[in-house]
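# Structural overview for review
The chain contents come next:
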Amino acid sequence: MSRKIFAFLVLALLLSAVAACAPAATPTPSNVTLTFYYPVAVAGPITQVIDGYIQKFQAANPNIKVNAVLSGGYPDTLTKIQTTIKGGGTPPDVAVLLSTDLYSLVDSDAVQPLDDFVKAAGGDSFTSDFFPAYLANSNYQGHIWSLPFQRSTPVLYYNKDLFKAAGLDPAKPPTNYQEMVDAAKKLTKADGSQWGIEISSDGIPYWLFQSFVIGNGTNVVGKAANKVTFNDPQVAAALQDFADLGSKHKVMPADVLLWANMPNDFVNGKAAMIWHSSGSLTNILKQAKFDVGVSYTVGEKGFGAATGGGNIYMLKGIPAANQAAAWKFIQFMTSTDIQADWSINTGYIPGRQSAMSSQAMKDYIAKTPQAAVAPAGLKYAGAELAAHNNAQIQKALGDAVQSVLTGKASAADALKAAQTQADQILAPFKD
Amino acid sequence: MTLHSRTTTTKKERRFRIGTAALPYVLLFPTVLFVTVFTLLPSLRVLYDSLFIQNQAVKIPQFAGIDNFTELFSSASFHDVLFNTFVYVLVTVPISVFLALVLALILNRKFRALGLYRLAFFYPTVLPMISAATIWYFMYTPGYGLINVFLRNFGIPSQSWLGSANLALIALMILGIWKQTGYFMIFYLAGLQGLPHEIFEAADLDGASTIQATRYLTVPLLMGTTLFVTTIAVINGFESVDQIYIMTGGGPNNATSMLLFNLWQTLFSFLDVGKASAMSVILIVVLLIFTTLNFIFTERRATYE
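Cut-offs and rules
Residues numbered from 1 in each chain as written. Chains lettered and ligands numbered in written order. Predicted model: local features only at pLDDT ≥ 70, side-chain atom pairs only at ≥ 80, totals over all residues. Helix = DSSP H or I, 4+ residues; strand = E, 2+ residues; numbered from the N terminus. Rg over C-alpha atoms; globule rule 2.2 N^0.38 Å. Buried ≥ 20, exposed ≤ 12 C-beta atoms within 10 Å, placed from the backbone. Contact = placed C-beta atoms within 7 Å. Pairing = 2+ DSSP bridges. Axes fitted to C-alpha atoms, helices over the stretch in contact; angles between N-to-C directions. Core = buried A, V, L, I, M, F, W, Y, C linked by C-beta atoms within 7 Å. Parallel < 35°, antiparallel > 145°, perpendicular 65-115°, else oblique. Left-handed = near helix turned anticlockwise from the far one by under 90°. Domains from an automatic or database assignment. Nonpolar A, V, L, I, M, F, W, Y, C, P; charged D, E, K, R; others polar.

Time to look at the overall build of chain B. In terms of regular secondary structure, chain B is built from 13 helices and 2 strands. In summary, chain B has a C-alpha radius of gyration of 25 Å against a globular reference of 19 Å for 305 residues, an excess of more than 25%. The principal-axis extents of the C-alpha atoms in chain B amount to approximately 85 × 65 × 30 Å. Per-residue burial over chain B gives 30% buried out of 305 residues. When contacts within chain B are restricted to residue pairs at least 6 apart in sequence, those whose partners lie at least 24 apart make up 69%.

All names here are of chain A. Of all 11 residues in helix α15 (residues 336–346), 8 are buried; the element is thus mostly enclosed. Within α15, burial applies to I338, Q339, A340, D341, W342, S343, I344 and T346. Of the residues trailing α15, G347 is marked for its positive phi of about 105°.

Another point: the sheet that holds strand β1 (residues 32–38) of chain A. Residue and element names in this part refer to chain A. The strand order across the open sheet built from 5 strands is β2-β1-β3-β12-β6, with neighbouring strands paired in mixed fashion. Each edge of the open sheet is held by one strand with a lone partner, namely β2 (64–70) and β6 (146–152). Across the sheet, the axes of successive neighbouring strands diverge by a mean angle of 25°, strand direction being ignored. The sheet strands contacting helix α3 (residues 74–86) are β1, β3 (94–98) and β12 (308–314), and the helix crosses β3 at an angle near 130°.

This paragraph deals with the nonpolar core. Soluble globular proteins tend to bury their nonpolar side chains together. All names here are of chain A. Of all hydrophobic cores here, the largest spans 164 residues; its most connected members are I197, L239 and L397. Aside from chain neighbours lying at most four places away, what touches L239 is F209, V401, V404, A411 and L415. Counting residues in hydrophobic clusters, the runner-up holds 5 residues, among them A340, A355, M356 and M361.

On to the pairing of strand β9 (residues 271–277) of chain A, then. All names here are of chain A. With 7 of its 7 residues buried, β9 lies for the most part within the structure. Relative to β9, strand β7 (residues 154–159) is paired through 5 bridges, and the arrangement is antiparallel. Bridging across to β9, Y158 finds its partner in M273. Where strand β8 (residues 195–198) meets β9, 3 bridges bridge the pair, whose relative direction is parallel. By the bridge assignment for β9, E198 is matched with I274.

Right, let's talk about the packing of α15(A) against helix α17 (residues 359–367) of chain A for a bit. Residues and elements named next belong to chain A. Viewed as axis vectors pointing N to C, α15 and α17 meet at an angle of 25°, and their least axial separation amounts to 9 Å. The orientation of α15 with respect to α17, classified from their angle, is roughly parallel. Considering how the two elements wind past one another, α15 and α17 form a crossing that is left-handed. For the pair α15 and α17, contact is made by A340, D341, S343 and I344 and by A360, M361 and Y364, respectively.

Further remarks concern the sheet that holds β7(A). Sheet strands line up and pair through hydrogen bonds in the backbone, either parallel or antiparallel. All names here are of chain A. Taken together, the 4 strands give an open sheet; going across it, the order is β8-β9-β7-β10, and neighbouring strands pair in mixed fashion. In this open sheet, the two edge strands, each paired with only one partner strand, are β8 and β10 (292–296). With strand direction ignored, the average angle separating the axes of adjacent strands in the sheet is 20°. Sheet strands touched by helix α9 (residues 177–187): β8 and β9. Its angle to β8, the strand with the most contacts, is close to 135°.

All names here are of chain B. As assigned here, chain B comprises domain 1 (6–49) and domain 2 (69–301). Of note, the centres of domain 1 and domain 2, computed from C-alpha atoms alone, are 36 Å apart. Contact with domain 1, which involves 4 residues of that partner, is made by 6 residues of domain 2. Of the residues in the side of domain 1 that touches domain 2, the class split is 2 nonpolar, 1 polar and 1 charged.

The subject of this paragraph is the interface of chain B and chain A. In this assembly, 21 residues from chain B lie in contact with 27 residues from chain A. Residues belonging to the side of chain B that touches chain A are distributed by class as follows: 10 nonpolar, 11 polar and no charged.

Put into structure tokens, the structure is as follows:
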């Protein structure tokens, strides 16, 4: 009896394996199926929103089907794609990756330049609608490689109720480093139950650090992909400012603070001010039981922030029919209406300026005025750290930041070591 | 009874003899095939790759001899990585094994809710490391995380476990010990239940205390189990990567960067095939040396009665 059952199970297994291998119905030649990899880096029902966009696109383009694949975080998505390409597999057709991944992607010959598509769509009149601060990351070697999709900057979130309680004007957030320190001192309780400011330095420490640098009138990177300036005295001063918050002014815990804990600390009232992505706005507003103010991150000389977030890329080596369909999809996802809707649902800044004046956005800003702050701050934004072998370069600067914050090295020494390391890594690259 | 000589064996009997002689090889074949394809060949490939420079700047592999190894051993951050890995292993292995034995001895008797206790200690093993790391990540939160709330009862102020260069590795070690002790406890329980009663009765008659009985009888008799769990614990230590990825990303400032995590980062983030292969070779060699030494040392003292 048991023998029969065993034989039956084996047969059932074999049959189901065969069925799974059976070819799907052959599509008609004009049908194209696109694979779209997208990472999720902010809280919220992201997959539902993306699926809604896919359905809208497929309804308008009946011969294109899009397979949307949630591929983890930004590093996971990049790793997946690069591993697939290295292993000789088929990459997806379209993917959302960090804008700063550009040089690594071009180095691995993974992405397709969009010049011809952009020209056919109107050239300059097509690209002029995108925020220049965001489009800056799309150009390399005279080509355009990507379009802004989910961009952000760090912003300063502050607890207006705690401001009032400390005698500070909630309509006047700090406009430079000194003002931030002064305000934070009034907002810090000696028993450690409330800190004036919390700025994290795990994960991608360089990103928030760049606010101090850009707010100090300089930057760690220029237009070249093979040069970085870490050991500049103003950069060292910016790093010292960061460390002083914890060690000297005592308005912040003197350790490496964790990115994921910051919104929780803020909504729990443990931190009166935090620096976090503009993309966390929707989530923070949902959870906070107090009046949330949004302003800009600062350095010694005033406001400053690095841009951040992801662009949408077309991968190389996909068939010509897929390329045309992929461009249609990219245009759709970066269109004014979708960008406005995406921004409202997540807190990302729309890539297109016209999205800010769309009716949906105007209505949203009327209800949530905080959402207008980050886009208006793009005029204070500087380029995000990007270079060849980006992951290692970012780690070199990140390690330097963490070593100073944990008191293991001085700012000047740490940055000098990081510069030496970066120079070594970038030496083989010609531009 | 007639004696069968070779010249008078029937065809059937000869086939039976060859069949029986070949049987062990046939049974071993799938395992040997798997080990060759998934362990031996990749190890040889990695050894080969480690002799070349191949990264984002150098796409076509350039022969470099042992340059990858000399660069690794002269890099300060790799020293940190090796140091962290050895500290982690040297701390978690003895503590886990010792705790497991103690727990097994305690839980080897019959008392109420015994099954519940065993379940409670074994449960961490069932959790995937990613899930455990995510839970502990939030337990370590400064201020209102469970660990800090618990420590406040003893007057210890809130610590930044994962953000402090001094505490981060300790935090990971606590998680590692918590995760694997239950697993080893099960092996010790099985071993304990297989021990002969007569020896202990004899020791009792001779007036030996429980501690003496444990030290001179139980522990030596369980040497086989100890060999096994120590090997597993060391391998677990060297293979730690999930919790580092989730909880610290190797930081702060390389305080928790360990060999396998650094290897993964070098290959999949920095795309440096040469260096990553060199690290793989180092990892394989270290584990081989350890396993061989452990085997020789404990085999001498183990009794497989």
